[in-house]
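# Topology and contacts: notes
Residues per chain, in single letters:
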Amino acid sequence: MSFAGALPAPYWRTRSALPGFGLSLGFTLFYLSAVVLIPLAALIIRPWEHGWSGFVEEVTAPRVLASLKLSFGAAAVGACVNTVFGLIVAWSLVRYRFPLKRLVDALVDLPFALPTAVAGIALSSLYAANGWLGAPLAALGIKAAYTPLGVVIALTFIGLPFVVRTLQPVLTELGCEHEEAAATLGASRLKTFRRVVLPALTPALLTGGALAFARAVGEYGSVIFIAGNLPMKSEIAPLLIIIKLEEFDYAGAASVGVVMLGVSFLILLGLNALQHFASSRR
């Protein structure tokens, strides 16, 4: 009789602490490959049918650069605005009680449920020169609709829930004990927020801002109605990709997509590194 057969099963057969790990890992890799990796690989490979020089010529065209600048710039501005005001909204919903609080909390999720085309039509109607919000702005000499400002407004609208919903559980878990302790030690409210609350919220703020930015970069439906879509002025990169696809310029559309993918990946990588640094210093 062999030595392995003489020993009890636990001694010669290593059992996984997670049953079904191999099957789960295989399914996960298959699913990610089918849904994420293979489409991204196809996107990266397609532009090279024109060679490196053709790719560079495509992505450095003035119209492409202008659309990329508007998309990333507006997304960054919208993410910064949402980071500030999303913190205020989340703070109000978690720390205070007021009438219609449940309604306000439900309205935060409205950009999730509202179709993007409907949101774009509503925003363009509100911020047009004769709209409820556009008319007062026009009286001040500010034109919102059909300008780059309209793009920022639309991207801010669709990105707010990401920041609020990311901060709410962190604020709930944080509680008020640390703030009360700081107050008993004589710290002012501003100093308490800056020294106690803000460091604890920084990772969540960065996460919410990164999610809002990532969502805004590729937004299409809610922007085209309020942007004006003028080349070199208010044309976003996703719209330019659609135009190239309608012209059967698949390599050109993929080239713009590759640039958007690469820049977005680098920005999100930097934000994740900053978030990790902020978490490690807590």
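Residues numbered from 1 in each chain as written. Predicted model: local features only at pLDDT ≥ 70, side-chain atom pairs only at ≥ 80, totals over all residues. Heavy atoms only, no water.

### Overview of helix α14 (residues 237–246)
Rules: Throughout, exposure labels follow a simple rule: accessible area from a 1.4 Å probe, protein chains only, divided by the maximum for the residue type, with under 20% read as buried, over 50% as exposed, and the rest as partly exposed. Numbering goes from the N terminus for both helices and strands, where a helix is a DSSP run of H or I of at least four residues and a strand is a run of E of at least two.
Inspection of α14 places Ala 237, Pro 238, Leu 239, Leu 240, Ile 241 and Lys 244 among the buried residues, and these make up the whole buried set. One or two steps after α14, the chain reaches Phe 248, where phi turns positive at roughly 65 degrees.

### Some remarks on the packing of helix α5 (residues 62–95) against helix α10 (residues 148–174)
What counts is decided by this rule: Lines fitted to C-alpha atoms define the axes, with helix axes restricted to the stretch in contact, and inter-axis angles between N-to-C directions lie between 0 and 180 degrees. Relative orientations are named as follows: roughly parallel for angles under 35 degrees, roughly antiparallel for angles over 145 degrees, roughly perpendicular for angles from 65 to 115 degrees, and oblique for any other angle. It is the rotation of the near helix from the far one that decides the hand of a crossing: anticlockwise by less than a right angle makes it left-handed, clockwise makes it right-handed. Under the convention adopted here, Pro, Cys and the residues Ala, Val, Leu, Ile, Met, Phe, Trp and Tyr are nonpolar, Asp, Glu, Lys and Arg are charged, and Gly plus all remaining residues are polar.
Between α5 and α10, the shortest axis-to-axis distance is 5 Å and the interhelical angle comes to 40 degrees. In this view, α5 runs oblique relative to α10, as classed from their interaxial angle. Relative to α10, α5 is oriented so that their crossing is right-handed. Class assignment of the residues belonging to the contact of α5 with α10 gives a composition of 21 nonpolar, 9 polar and 1 charged.

### Things to note about the confidence of the model for the protein
Stated precisely, the cut-off is as follows: Values of pLDDT, which run from 0 to 100, indicate the predictor's confidence residue by residue.
Mean pLDDT over the protein: 85, with 92% of residues reaching 70 or higher. Of all secondary-structure elements in the protein, the lowest mean pLDDT belongs to helix α2 (residues 9–12), at 49, while α5 reaches the highest, 94.

### Comments concerning the environment of Thr 116
The test is simple: Should any heavy atoms of two residues lie within 4.5 Å, those residues are counted as being in contact.
Topologically, Thr 116 is positioned in helix α8 (residues 116–127). The exposure class assigned to Thr 116 is partly exposed, which follows from its relative accessible area of 31%. Along the backbone, Thr 116 and Ala 75 are 41 residues apart, and their C-alpha atoms lie at a distance of 16 Å. Apart from the residues lying within four places of it in its own chain, the contact partners of Thr 116 are Arg 215, Glu 219, Gly 221 and Ser 222.

### Side note on the environment of Leu 25
On the secondary structure map, Leu 25 appears in helix α3 (residues 21–45). Along the backbone, Leu 25 and Val 263 are 238 residues apart, and their C-alpha atoms lie at a distance of 30 Å.

### Considering the pattern of salt bridges
Opposite charge on two side chains allows them to pair when their charged atoms are near. To be explicit about the condition: Whenever a carboxyl oxygen of Asp or Glu lies within 4 Å of a side-chain nitrogen of Lys or Arg, that contact is scored as a salt bridge.
For the structure on display, the rule yields 6 salt bridges. Ionic pairing is found between Arg 63 and Glu 235, a salt bridge with its closest N-O pair at 2.6 Å. A residue pair is termed long-range when its members are at least 10 positions apart, and Arg 63 in helix α5 and Glu 235 in the loop between α13 (221–227) and α14 qualify at 172 residues. Accessibility expressed as a relative area gives 3% for Glu 235, which makes it buried. Residues participating in the shared-partner salt-bridge network are Glu 58, Lys 244 and Asp 249.

### Topic: the nonpolar core
We count it as follows: Here, the term nonpolar core denotes a set of buried Ala, Val, Leu, Ile, Met, Phe, Trp, Tyr and Cys residues that are joined through side-chain atoms within 4.5 Å.
By size, the foremost hydrophobic cluster in this structure holds 36 residues, and its most contacted members are Leu 68, Tyr 127, Val 151, Leu 155, Val 223, Val 256 and Met 260. Contributing elements (two or more residues each) for this core: α4 (51–59), α5, α8, α10, α12 (189–217), α13, α14 and α15 (250–280). By residue number, the principal contributor to this core is α5, which donates 7 residues. Every residue in contact with Leu 68, bar those within four places of it in the chain, is listed here: Gly 73, Ala 237, Val 256, Val 259 and Met 260. Listed in part, the 17 residues of the second largest apolar core include Trp 91, Leu 93, Val 197 and Ala 212.

### A few points about the side chain of Lys 244
Among the secondary structure elements, Lys 244 is positioned in helix α14. You can call Lys 244 buried: its relative accessible area is 12%.

### Description of the packing of aromatic side chains
Filter applied, for reference: Aromatic rings from Phe, Tyr and Trp, with only the six-membered ring used for Trp, were paired whenever their centres fell within 6.5 Å, and each pair was classed as stacked if the ring planes differed by under 30 degrees, edge-to-face if by over 60, and tilted otherwise. Only Lys NZ and Arg CZ are tested; either one counts as a charge over a ring when it is within 6 Å of the ring centre and within 35 degrees of the ring normal.
Considering all chains together, one arrives at 8 aromatic pairs under this definition. Seen in terms of ring centroids, Trp 48 and Trp 52 are 5.6 Å apart; in terms of plane orientation they differ by 10 degrees. Their pairing is stacked. Judged by relative accessible area, which is 39%, Trp 48 ranks as partly exposed. Classification of Trp 52 as exposed rests on a relative accessible area of 59%. Chaining the aromatic ring pairs together yields one cluster made of Trp 48, Trp 52 and Phe 55. Taking NZ or CZ as reference, Arg 95 lies 4.5 Å from the ring centre of Trp 91, over its face.

### Thoughts on the packing of α10 against α12
The relative placement of two packed helices is expressed as an angle between their axes plus a distance between the axes. Where α10 contacts α12, the axes come no closer than 8 Å and their chain directions differ by 155 degrees. With respect to each other, α10 and α12 are oriented roughly antiparallel. As for how α10 packs across α12, the hand of that crossing is right-handed. In this structure, α10 uses Leu 155, Ile 158, Gly 159, Phe 162, Val 163, Thr 166, Leu 167, Val 170, Leu 171 and Leu 174 to contact α12, whose residues at the interface are Val 197, Ala 200, Leu 201, Ala 204, Leu 205, Thr 207, Gly 208, Gly 209, Leu 211, Ala 212, Arg 215 and Ala 216.

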